[in-house]
Amino acid sequence: MTLAIGEGEILIGLGEGPVTQRLDRSNRHGVVAGATGTGKTVTLQVMAQAFADAGVPVFAADVKGDLSGVAALGTPNEKMQARAASMDITLTPAAPPTIFWDLFGEKGHPIRTTISEMGPLLLSRLLELNDVQEGVLTITFHVADKDGLLLLDLKDLQAALKYVADNAGEIGTQYGNVSAATVGTIQRKLLTLQTQGAEHFFGEPALNLADIMRTDTAGRGYVNVLAADRLIQSPKLYSTFLLWLLSELFEELPEVGDPEKPKLVFFFDEAHLLFNDAPKPLLEKIEQVVRLIRSKGVGIYFVTQNPADIPDAVLGQLGARVQHALRAYTPADQKGLKAAAQSFRVNPAFDTAETIQALGVGEALVSVLDAKGAPCVVQKTLIRPPASRLGPLTPEERAAAIARSPVAGLYDTAQDRASAYETLQGRAAQAQKDAAAAASAAEAERQRAAEEKVRERERAREEREDARASRPRASSSRQGMAETFAKSLLRTVASQAGREIMRGLLGGLSRRR
């Protein structure tokens, strides 16, 4: 490269002269906008590689899959060579060190975080919970912490919510009312998040932020490419991940003000998905993070079709602006075009709105911040061609890059250690076991008592029989005397009757004589 640029700057392209961006102002954020097919991805790739070459780690979402070519040496065609020559650039194929990531673990190393690290406030905003529901979620986190229940993945949180609902009476008297209906609402919203693939995002091993802020032995920053072609189909999960990552960086990194160069630069493609239909509390959180994270040395660059996709409160925080061509076919398009033109510091050499519509592929209007942090006059810029490959890697090339990654093996296998779900399942199983043991003991006691009662009756009967056997047989003596008397009486009666009969017979015979 023979085009002269100052120290501490990166080259974006060529306008009236070299169009560069100061590294010590690159933490002031930026936006890359333009209609489909106007060259946004190439601009993203050029800036990402320039930051990496300057020793700044980069994290970029690859929505269409073609950013993966940044990991391979470029093969300049005649058109690219001609552009480089027109800019007085010697185009030498080069590629920055690259790490591939994928929330689903298919096209890169998995990225995970735990429910505890996400926290109840951020989860409440992402789930769009009202104040009552947020309060119940906060109680759930507090109860889990007090009872030693680790909240690592979605099933842990779902189990903890059920535990809170099952013990609502006791918990409610201590922390506030917990209704089954409120818990049910939270569970349904968690299910919506789960159907978008959140079970892949929540778990362990959790991402160590230092692993996306690496530099190689030559001092070049790693370009971290997030495979987002599948992730983009789950917009709630996509926005969940982005906001979590920014929040984690904001909480963990120390204040550094305006460093000589950023500690990390983010490129968020399809940025409108972060803001579309987002509730007001979530937008406020995003605005807060964007406004404050620059003091931690982190620059955020939103890539979208129209700057109007970004809320004014966030757009006002963006220093660098790269505007590719816009088309104004509808009243809404015209409004967006006017807003984009008015966001630039006027260049008297051309009409900004008309120029935006007339830009060709690979051309853009560029405005960056000067040494005092003020916007420079907008320049019509020819974006420099990239030194790395335009277009995606082959699956074999991607697999080889993943295998030689410095984080290979650290995140590829999920861990599921004992946490809230397993603990509560164990408690429930133990409770059932104890209940079964108690029921068995009660049944055994009942059986023993019944058998003892039978034995008591048997002993009582035997004692009665023994008592009868040991009494004097008075009744038998009386019976014997009665029988003797009766027999004597019968004999007497029989004797008397016999004599009377004999008398009668004898008397009759005498009279007949």
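About the cut-offs
- As a convention, each chain's residues are numbered from 1 in the sequence order in which they are written.
- Totals for whole chains, interfaces and linings use every residue, but because this is a predicted model, local features are given only for residues with pLDDT of at least 70 and side-chain atom pairs only at 80 or more, for both listing and counting.
- Only heavy atoms go into the side-chain values, all of them from the structure, while hydrogens and water stay out.
- Only DSSP runs of H or I reaching four residues or more are called helices, and only runs of E reaching two or more are called strands; each is numbered from the N terminus.
- Two things to know: the radius of gyration comes from C-alpha atoms, and the globule rule equals 2.2 Å times the number of residues to the power 0.38.
- In this scheme, a residue with accessible area under 20% of its type's maximum is buried, one over 50% is exposed, and one in between is partly exposed, where area comes from a 1.4 Å probe on protein chains only.
- Contacts are assigned to residue pairs that have any heavy atoms within 4.5 Å of one another.
- Only the protein chains shown count as cover for residues, and the accessible areas themselves come from Shrake-Rupley with a 1.4 Å probe.
- Two strands qualify as a pair provided that DSSP identifies no fewer than 2 bridges between them.
- Comment: axis = line fitted to C-alpha atoms, over the contacting stretch for helices; angle = value between 0 and 180 degrees taken between N-to-C directions.
- Paired rings are identified among Phe, Tyr and Trp, the last through its six-membered ring, by centres lying within 6.5 Å, and are further divided according to the angle between planes into stacked (under 30 degrees), edge-to-face (over 60) and tilted (the rest).
- Lysine NZ or arginine CZ positioned within 6 Å of the ring centre and within 35 degrees of the ring normal marks a charge as sitting over the ring.
- Every helix has an expected span of 1.5 Å times one less than the residues it contains.
- Note that the arc is computed from the directions linking the helix axis to the C-beta atoms.
- Counted as salt bridges are all cases of a side-chain nitrogen of Lys or Arg within 4 Å of a carboxyl oxygen of Asp or Glu.
- The nonpolar core is taken to be a set of buried Ala, Val, Leu, Ile, Met, Phe, Trp, Tyr and Cys residues, with the residues joined through side-chain atoms within 4.5 Å.
- Every definition here rests on a 1 Å grid over the protein atoms only: cavities are sets of points where a 1.4 Å probe fits but cannot get out, pockets are open sets enclosed by protein on both sides within 12 Å along at least five of seven lines, and lining residues have some atom within 4 Å of a point.
- Grid points are joined across faces, edges and corners, and a volume is the space filled by probe spheres set on the points.
- Under the convention adopted here, Pro, Cys and the residues Ala, Val, Leu, Ile, Met, Phe, Trp and Tyr are nonpolar, Asp, Glu, Lys and Arg are charged, and Gly plus all remaining residues are polar.

A. Representation of the overall build of the protein. Within the protein, the regular secondary structure consists of 16 helices and 11 strands. Against the globule reference of 24 Å for 513 residues, the protein gives a C-alpha radius of gyration of 46 Å, more extended than a compact globule. The principal-axis extents of the C-alpha atoms in the protein amount to approximately 190 × 50 × 45 Å. Residues classed as buried in the protein amount to 45% of the 513 residues present. The long-range share in the protein, meaning contacts at least 24 apart out of those at least 6 apart in sequence, stands at 77%. Entry remark: accessible area of the protein is about 25,400 Å², with carbon and sulfur atoms responsible for 53%.

B. Summary view of the sheet that holds strand 6 (residues 223-227). Spatially, the 11 strands line up as an open sheet ordered 2-1-11-10-9-3-8-7-4-6-5, and their pairing is mixed. Here the strands that pair on one side only, and so sit at the sheet edges, are strand 2 (18-22) and strand 5 (98-101). Across the sheet, the axes of successive neighbouring strands diverge by a mean angle of 30°, strand direction being ignored. Examined bridge by bridge, strand 9 (residues 320-323) and strand 10 (residues 363-367) share 3 bridges and lie antiparallel to one another. What sits directly across from valine 322, in strand 10, is valine 366.

C. Quick look at the pairing of strand 1 (residues 9-14). Bridge analysis of strand 1 against strand 2 gives 5 bridges, and the strand direction is antiparallel. Within the sheet, the bridge partner assigned to isoleucine 10 lies in strand 2 and is glutamine 21. What sits between the antiparallel neighbours strand 1 and strand 2 is a turn of 3 residues. As defined by bridge partners, strand 1 adjoins strand 11 (residues 379-383) across 2 bridges and the pair is classed as antiparallel. When the bridges of strand 11 are listed, leucine 14 appears paired with leucine 382.

D. Structural context of the packing of aromatic side chains. Under the definition given, this model contains 13 aromatic pairs. Ring geometry for phenylalanine 201 versus tryptophan 244: centroids 5.5 Å apart, planes at 75°, classification edge-to-face. On the criterion of sequence distance, the pair formed by phenylalanine 201 in helix 7 (residues 180-201) and tryptophan 244 in helix 8 (residues 235-252) is long-range, its members being 43 residues apart. Here the two residues phenylalanine 201 and tryptophan 244 agree in accessibility, since each one is buried. Among the aromatic residues, those joined into a ring-pair cluster are Phe59, Phe201, Phe202, Phe241, Trp244, Phe266, Phe268, Phe275 and Phe302. The residue whose ring lies beneath arginine 230 is phenylalanine 104, and the NZ or CZ to ring-centre distance is 3.8 Å. Positioned over the ring face of phenylalanine 250 is lysine 296, at 4.4 Å from the centre of the ring.

E. Highlighting helix 12 (residues 331-342). An ideal rise of 1.5 Å per residue puts 16 Å on 12 residues; helix 12 measures up with 17 Å between its terminal C-alpha atoms. Burial in helix 12 covers these residues: Gly336, Leu337, Ala340 and Ala341. Projection of helix 12 onto a plane perpendicular to its axis shows the buried side chains occupying an angular sector of 135°, all on one side. Opposite its buried face, helix 12 presents the exposed residues Pro331, Ala332, Lys335, Lys338 and Gln342, each directed more than 90 degrees away. Considering only its buried residues, helix 12 is in contact with strand 9 and helix 13 (352-358).

F. The pattern of salt bridges, seen in detail. What the rule picks out here adds up to 21 salt bridges. For the salt bridge of lysine 64 with aspartate 269, the shortest nitrogen-to-oxygen distance reads 3.8 Å. Here aspartate 269 lies in the loop between strand 7 (264-268) and helix 9 (272-275) and lysine 64 lies in the loop between strand 4 (58-62) and helix 2 (78-86), a separation of 205 residues in the sequence. We classify aspartate 269 as buried; its relative accessible area is 6%. Taking the shortest distance from any N to any O, the salt bridge between glutamate 445 and arginine 448 comes out at 2.8 Å. With glutamate 445 and arginine 448 both in helix 15 (residues 420-469) and 3 residues apart, this pair spans about one turn of that helix. Given the relative accessible area of 41%, arginine 448 is considered partly exposed.

G. View of the nonpolar core. Judged by nonpolar contacts, the single largest core of 82 residues is most densely connected at Trp101, Ile111, Phe241 and Phe302. For this core, the element with the highest residue contribution is helix 8, accounting for 9 residues. Aside from chain neighbours lying at most four places away, what touches phenylalanine 302 is Gly30, Val31, Val32, Phe268, Ala271, Leu274, Phe275, Val290, Ile310, Val314 and Leu318. Listed in part, the 35 residues of the second largest apolar core include Ile10, Ala52, Ala71 and Tyr301.

H. View of the layout of surface pockets. Here the largest pocket defines a volume of roughly 380 Å³. In terms of lining, the largest pocket is formed by 18 residues, of which the most central are Val42, Arg83, Val361, Gly362 and Leu390. At the level of elements, helix 1 (40-53) and helix 2 are the ones that each hand at least two residues to the lining of the largest pocket. Here the lining of the largest pocket gets 4 residues from one element, more than from any other, and that element is helix 1. Along the lines of polarity and charge, the residues of the lining of the largest pocket split into 7 nonpolar, 7 polar and 4 charged.

Interpretation in functional terms is not warranted from these geometric data alone.
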